[in-house]
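# What the coordinates show
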Amino acid sequence: MVSNKLVAALTAYSAVAAAVPVASQTKGFSLVQEAIPKSSYRAPAAHLAKALTKFGAPVPAHVAAAAASTGSVTTNPSDGDEEYVTKVTVGDSTLNLDFDTGSADLWAFSADTPSSERSGHNYYKPSDSATKVSGASWDISYGDGSSASGSVYKDTVTVGGVTFDAQAVEAASSVSSEFTQDTSIDGLLGLAFSSINTVSPTPQKTFFDNVKSSLDKPLFVAILKHDTAGSYDFGFTDDSKYSGDIAYTDVDSSQGFWSFTADSYSIDGQDAGSSIDGIADTGTTLVLLDDDVVEAYYETIDSAQYDDSQGGYVFDCDADVPDFAITVGDYTATIPGDYINFASAGSSTCYGGIQSNSGIGFSIFGDVFLKSQYVVFDASGPQIGFAAQ
Ligand SMILES: Cc1noc(C)c1CN(C)Cc1cc2n(n1)CCN(c1cc(N)ncn1)C2
């Protein structure tokens, strides 16, 4: 039921928002009306909340609550599921970004990136309303040795219909060769905790941190898939996208990651008993585990061996590759063996989707695992939830 106050405010708002004077010296002006694209539809109360805020009026709690929003955006695997690419509007640009729950910077190739380094990429162009953050810089390095750095703007970012108009956008002035050569992505959108954002002197909030209070629920869901389109959903869970119940467990965000403990693991259905501490990391391709677990896994494949030239375990491509599973409470999250037969390593040899974490002290549950699950990243708690998809 829409209250008459709401009607009045919406009328006032729509008159202000829609009136576009053709020219101040004419006797009147024409109203340029344009349909709001379905994808950018916002609840009426969201417009009221914005109008009231714009004119300095308090937003009643019931209006703020009704203004909450949700969003969903398609994410597509690159060849071989190496990474997942998601279209995002950043300022005046539509960019292909890698959503990364293992880092907290939203950065992109930009006009400041030397043209030799940005060939083949879309790049960020600040909108007319963008502002440069004076004195701010950023510099990020990733686990694979890749890196990027640059300056910082505040601009409007829209992900799947959810918009934040003062998002910190980190414009690259330098990117390492891994990014220059990877023309699948134009940058990253960090979804880890803002405590590990690299902007100096003042760390900036992630897109999710900025919008979570306006979402119906302060959560996002990663629905990554093998060799086909999936989605990132913001503010809601959708029981048509998973089966059974979602098994939740606590997250330790003290290191900035979505870190959790799997109660046990099994190889080919054989329970190995011990727990695994790890992070859910959409920006990492593979599953990286402690050496004892990796060795136990590849002992089950006769042809498996560590290949120094490949920097990892390889095996005959026609080998019978076992499932690897972790348990969270009474839920068993299984990676099908086929996902662990990850990529060709030349001739009839294939590269494993499970590899060593190089002794970093925690495991990394990357895309090889995540694409087998419906994964809820819930800021309330915080907690993480898994279900079969
Ligand atoms: C191709 C390809 N294959 O695997 C990747 C990755 C690429 C993309 N390509 C080589 C370039 C690149 C390098 C990185 N990315 N993209 C994504 C962010 N990176 C992370 C994120 C994170 N949470 N943890 C570790 N690194 C490193």
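Residues numbered from 1 in each chain as written. Predicted model: local features only at pLDDT ≥ 70, side-chain atom pairs only at ≥ 80, totals over all residues. Heavy atoms only, no water.

Turning our attention to the nonpolar core. Membership of the largest hydrophobic core comes to 75 residues, with the highest contact counts inside it found for Phe99, Tyr298, Phe324 and Ile326. No other element matches helix H7 (residues 291–298), which puts 4 residues into this core. Once residues lying within four places of it in the same chain are set aside, the contact partners of phenylalanine 324 are Tyr265, Ser266, Ile267, Ile276, Leu289, Val293, Tyr297, Ala333, Thr334, Ile335, Ile340 and Ile354. Residues Phe109, Ala136, Tyr142 and Leu188 belong to the second largest nonpolar core, which totals 16 residues. (Core = buried A, V, L, I, M, F, W, Y, C linked by side-chain atoms within 4.5 Å. Buried < 20%, exposed > 50% of the residue type's maximum accessible area, 1.4 Å probe, protein only. Helix = DSSP H or I, 4+ residues; strand = E, 2+ residues; numbered from the N terminus. Contact = heavy atoms within 4.5 Å.)

Regarding H7, the residues found buried are Val293, Val294, Tyr297 and Tyr298. Axial view of H7: buried residues confined to an arc of 125°, hence all on one face. (Arc of directions from axis to C-beta.)

Turning to the sheet that holds strand E12 (residues 259–262), a few remarks are in order. If you walk across this open sheet you meet the 5 strands as E12-E15-E24-E16-E23, and the pairing is mixed. Either end of the sheet is taken by a strand with one partner, and the two such strands are E12 and strand E23 (354–356). On average, adjacent strands in this sheet sit at an angle of 35° to one another, irrespective of strand direction. With 4 bridges connecting them, E12 and strand E15 (residues 276–280) associate as antiparallel partners. Looking across to E15, one finds that phenylalanine 260 is bridged to glycine 278. (Pairing = 2+ DSSP bridges. Axes fitted to C-alpha atoms, helices over the stretch in contact; angles between N-to-C directions.)

This part is about the confidence of the model for the protein chain. Low-pLDDT portions of the prediction should not be read for the details of their coordinates. Residues with a pLDDT of 70 or more make up 86% of the protein chain, whose mean pLDDT is 89. Predicted confidence for residues 1–26 stays below pLDDT 50, and this span has 23 contacts to residues more than four positions away or in other chains. The low-confidence segment residues 34–42, where pLDDT is below 50, has 5 contacts with residues more than four positions distant or belonging to other chains. Two summary scores accompany this predicted model of the complex, namely pTM at 0.86 and ipTM at 0.93. (pLDDT = per-residue confidence, 0-100.)

So, about the pattern of salt bridges. Counting across every chain of the model gives 3 salt bridges. We note a salt bridge from lysine 212 to aspartate 209, for which the minimum N-O separation is 2.8 Å. Residue aspartate 233 is joined to lysine 241 by a salt bridge in which the shortest nitrogen-to-oxygen separation is 2.7 Å. (Salt bridge = Lys/Arg side-chain N within 4 Å of Asp/Glu carboxyl O.)

All right, on to the site of the ligand then. Lining the immediate environment of the ligand, one finds 18 residues, of which Glu83, Asp100, Asp182, Asp281 and Thr284 sit closest. A distance of 2.9 Å is found between a nitrogen atom of the ligand and a side-chain nitrogen or oxygen belonging to aspartate 281. The separation between an oxygen atom of the ligand and a polar side-chain atom of threonine 285 is 3.2 Å. Taking 540 Å² as the accessible area of the ligand by itself, protein coverage stands at 82%. Among the cavities detected, the one that contains the ligand is the second largest pocket. Here the residues of the shell around the ligand sort into 4 nonpolar, 6 polar and 8 charged. (Near = heavy atom within 4 Å. Polar contact = N/O pair within 3.5 Å; in protein donor to acceptor, adjacent residues only side chain to side chain. Areas by Shrake-Rupley, 256 points an atom, 1.4 Å probe, with all protein chains shown as cover. 1 Å grid on protein atoms, 1.4 Å probe; cavity = no way out; pocket = protein on both sides within 12 Å on 5 of 7 lines; lining within 4 Å. Sits in = over half its atoms within 2 Å of the grid points. Nonpolar A, V, L, I, M, F, W, Y, C, P; charged D, E, K, R; others polar.)

Right, let's talk about empty space enclosed by the protein for a bit. Per the counting criterion, the structure on display carries 1 cavity of 30 Å³ or more. Looking at the largest cavity, its volume works out to about 40 Å³. In terms of residue class, the lining of the largest cavity is made up of 5 nonpolar, 2 polar and 1 charged. (Points joined across faces, edges and corners; volume = space filled by probe spheres on them.)

The subject of this paragraph is the layout of surface pockets. A water-sized probe rolled over the atoms picks out the places where empty space is left. A volume near 1,100 Å³ is recorded for the second largest pocket. Lining the second largest pocket are 37 residues; nearest its centre among them are Gly143, Asp144, Gly283, Thr284 and Thr285. Of all the secondary structure elements, the ones that give two or more residues to the lining of the second largest pocket are strand E3 (93–100), strand E5 (131–141), helix H5 (177–181) and strand E21 (341–344). It is E21 that contributes the most residues to the lining of the second largest pocket, 3 residues altogether. Tallied by class, the residues present in the lining of the second largest pocket amount to 17 nonpolar, 12 polar and 8 charged.

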